[in-house]
Amino acid sequence: MAAAPACHTDRVKDSFPLGRIAGVKVGLNWSVLVIAAYLVFALATSIFPSTNPGLGEGTRIVMGIVAAALFLGSILLHEIGHAVQAKRDGMTIDGITLWVFGGVARFVGMFPGAGAEFRIAIAGPLVSLALGLGFSGIALVPGIPEPVDAVAAWLAYINIALLVFNMLPALPMDGGRVLRSAIWARTKDFGRATRIAGGLGRFLAMGLVALGAVIAIGLGSAISGIWLALIGWFILRASEGETRAAAITAKFSGLTVRDVMVADPVTTTATTTLDEIAAFTRWTGAYTTYPVLDGDMAVGLFPIGVLRGLPREVWETTPVSRVMVPVEHVSVSHPDEPLQDAVGRLQAFALHRGLVLEDGRLAGLLSMSDVVRLVQGGRPRDAAAGPGPA
Ligand SMILES: [Zn+2]
């Protein structure tokens, strides 16, 4: 049975929130229940019968449940190790989720530096090491009951196995992060460090897929083989995601909001009626979002899609100000702000468009689609300048 490998990859949804541990939001994805049930089954019917043949079936089932629960607890503690160190290094943690391939700690933003990435990456394996040693200690206590001894021995083995697997020097494994931080520290080149560690990740992933195929087809052990291949596929996806994210970071480096924003967007005013703006948009066609001005000041954003939810009868009498997204609920950035920071904030807003303000005055409109276009290699769309419907 393969253990859970990778940490902190892309989005895995919390199905069941468990509250907070050490100030970090913790939850379970539904898929972890599948693996927990399989673990209990494998422990009770195959692993414990072979290590401790004398025990009764009821005892083995209880042992299986206890061991599976403590195993999930061990993975959680491993992730909390990462999360606590990340907080110490000033990073924001969105939460930890346990799912079918183990634990995911969701970090917000970039690692602040190579040293921080190293400390955060190594903290989880250190927790696994401590747990492995702790459970070994329990198993070695003379005279403890056989079921306790067997559960502790298996937990010691599985935590050390988890440690070894996680320390493989390939992204997105913890060992891959340690390797990347070392190359990053030496070369000062985050992109290159990521390409090397990510390349090793793809190599490892393909090796696991191949090994899984050999085990499933050649040795006739279908579940183990498929499981290994699935882990390989998951690592492949994650390592490609890491490499892509690093390439995007490289494209953002040195750019400010001013370089990507539409500098002179078509605007509307707070008192314009919905009828007027609908007519203007039909006439010109192109604009989906208008910054809303009240005199000189930007007071909100008006997404044209809002009209679809409102009956035609009220368009004539409703001003934009009543249905716009007010400036307090819009992502606001400064033209000289680093693009990476502004985009990180913009992603949190459903609109995917934000106002660029300088002293409260409108300097531009930042749009996620322009950012995406930049990342894909094009230049930002030329701003169609000029006054809008007034
Ligand atoms: Zn980890």
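Computed from a predicted model, the values in this text were never measured in an experiment.

Calculation rules
- Residues numbered from 1 in each chain as written.
- Predicted model: local features only at pLDDT ≥ 70, side-chain atom pairs only at ≥ 80, totals over all residues.
- Helix = DSSP H or I, 4+ residues; strand = E, 2+ residues; numbered from the N terminus.
- Rg over C-alpha atoms; globule rule 2.2 N^0.38 Å.
- Buried ≥ 20, exposed ≤ 12 C-beta atoms within 10 Å, placed from the backbone.
- Contact = placed C-beta atoms within 7 Å.
- Domains from an automatic or database assignment.
- Pairing = 2+ DSSP bridges.
- Axes fitted to C-alpha atoms, helices over the stretch in contact; angles between N-to-C directions.
- Parallel < 35°, antiparallel > 145°, perpendicular 65-115°, else oblique.
- Left-handed = near helix turned anticlockwise from the far one by under 90°.
- Nonpolar A, V, L, I, M, F, W, Y, C, P; charged D, E, K, R; others polar.
- Core = buried A, V, L, I, M, F, W, Y, C linked by C-beta atoms within 7 Å.
- pLDDT = per-residue confidence, 0-100.
- Expected span 1.5 Å × (residues − 1).

(A) Representation of the overall build of the chain within the structure. A count of helical and extended segments in the chain gives 13 helices and 11 strands. Taking 2.2 N^0.38 as the reference for a compact globule, 390 residues should give roughly 21 Å; the C-alpha atoms of the chain span a radius of gyration of 27 Å, well beyond that estimate. Within the span of the chain, comprising 390 residues, buried residues form 39% of the whole. The contacts in the chain between residues at least 6 apart in sequence include a share of 67% that link residues at least 24 apart.

(B) Main features of unusual backbone geometry. With an omega dihedral of 5°, the bond running from Leu-171 to Pro-172 counts as a cis peptide bond. Relative to the elements of secondary structure, Pro-172 occurs in the loop between helix H4 (146–166) and helix H5 (174–187).

(C) Molecular detail of the domain arrangement of the chain. By the assigned domains, the chain splits into domain 1 (16–167) and domain 2 (257–375). Spacing between the C-alpha centres of domain 1 and domain 2 amounts to 47 Å.

(D) Representation of the sheet that holds strand E1 (residues 16–21) in the model. Spatial ordering of the open sheet is given by E1-E2-E3-E4, a layout of 4 strands whose pairing is mixed. The sheet is open, and its two edges are formed by E1 and strand E4 (102–108), each paired on a single side. Within the sheet, the average angular offset between the axes of one strand and its neighbour, ignoring direction, is 20°. Contacts between helix H2 (residues 57–88) and the sheet are confined to E1, strand E2 (24–28), strand E3 (92–99) and E4, with E3 contributing the most and set at about 170° to the helix.

(E) Region of interest: the packing of helix H1 (residues 31–51) against H2. Two elements in contact, H1 and H2, have axes whose closest approach is 8 Å; the angle formed by their N-to-C orientations is 135°. As summarised for this structure, H1 and H2 are arranged oblique, according to the angle between their axes. Both H1 and H2 take part in a crossing whose hand is right-handed. Across the interface between the two elements, Val-32, Ala-36, Leu-39, Val-40, Leu-43, Ala-44, Phe-48 and Pro-49 from H1 touch Arg-60, Ile-61, Met-63, Gly-64, Ile-65, Ala-67, Ala-68, Phe-71 and Leu-72 from H2. Among the residues making up the contact of H1 with H2, the classes are represented as 15 nonpolar, 1 polar and 1 charged.

(F) Broad picture of the nonpolar core. Ranked by size, the top nonpolar core spans 65 residues in total, and within it Leu-43, Ala-67, Ile-96 and Leu-155 carry the most contacts. Counting residues per element, this core draws most heavily on H4, at 10 residues. Here Ala-67 is in contact with Leu-43, Val-151, Trp-154 and Leu-155, once residues within four sequence places are set aside.

(G) Quick look at the confidence of the model for the chain. Of all residues in the chain, 91% attain a pLDDT of 70 or more, and the chain-wide mean is 83. Across residues 379–390 the pLDDT falls below 50, and counting only partners more than four positions away or on other chains, this stretch makes 26 contacts in the model.

(H) Representation of the pairing of E3 within the structure. Here E2 pairs with E3 via 3 bridges, running parallel. Each residue of the ladder has a partner; that of Val-26, found in E3, is Ile-96.

(I) A look at helix H7 (residues 222–252). The terminal C-alpha atoms of H7 lie 45 Å apart, and with 31 residues this matches the ideal 45 Å at 1.5 Å per residue to within 8%. In this structure, the buried residues of H7 make contact with helix H6 (190–218) and helix H12 (339–346). At the exit of H7 stands Gly-254, carrying a positive phi of roughly 85°.

(J) Here's a closer look at the pairing of strand E11 (residues 361–367). With respect to burial, E11 is a largely interior element, 6 of its 7 residues being buried. Pairing analysis gives 6 bridges linking strand E10 (residues 353–358) to E11, with the strands arranged antiparallel. Among the inter-strand pairings, Gly-354 is bridged to a residue of E11, identified as Leu-366. Connecting E10 to the next strand, E11, in antiparallel fashion are 2 residues, including Asp-359 with a positive phi near 55°.

(K) Looking closely at the environment of Leu-168. Its place among the elements puts Leu-168 in the loop between H4 and H5. On the neighbour-count criterion, Leu-168 (17 C-beta atoms within 10 Å) is partly exposed. Along the chain, Leu-168 and Val-178 lie 10 residues apart, while their C-alpha atoms are 9.6 Å from each other. Excluding its chain neighbours within four sequence positions, the residues that come into contact with Leu-168 are Met-173, Gly-175 and Leu-204.

(L) Inspection of the environment of Phe-16 at higher detail. Inspection of the secondary structure puts Phe-16 in strand E1. Given 13 C-beta atoms within a 10 Å radius, Phe-16 is considered partly exposed. Between the alpha carbons of Phe-16 and Thr-97 there is a distance of 9.2 Å; along the sequence they are 81 residues apart. Beyond its immediate stretch of four places on either side in the chain, Phe-16 contacts Gly-27 and Leu-28.

(M) Spotlight on the packing of H5 against H6. Orientation of H5 relative to H6, taken along the N-to-C sense of each, is 150°, at an axis distance of 8 Å. As judged from the angle between their axes, H5 and H6 are roughly antiparallel. Remark: the crossing between H5 and H6 carries right-handed chirality. Along its contact with H5, which presents Gly-176, Leu-179, Arg-180, Ile-183, Trp-184 and Thr-187, the element H6 presents Phe-190, Arg-192, Ala-193, Thr-194, Ile-196, Ala-197, Leu-200 and Gly-201. Among the residues making up the contact of H5 with H6, the classes are represented as 8 nonpolar, 4 polar and 2 charged.

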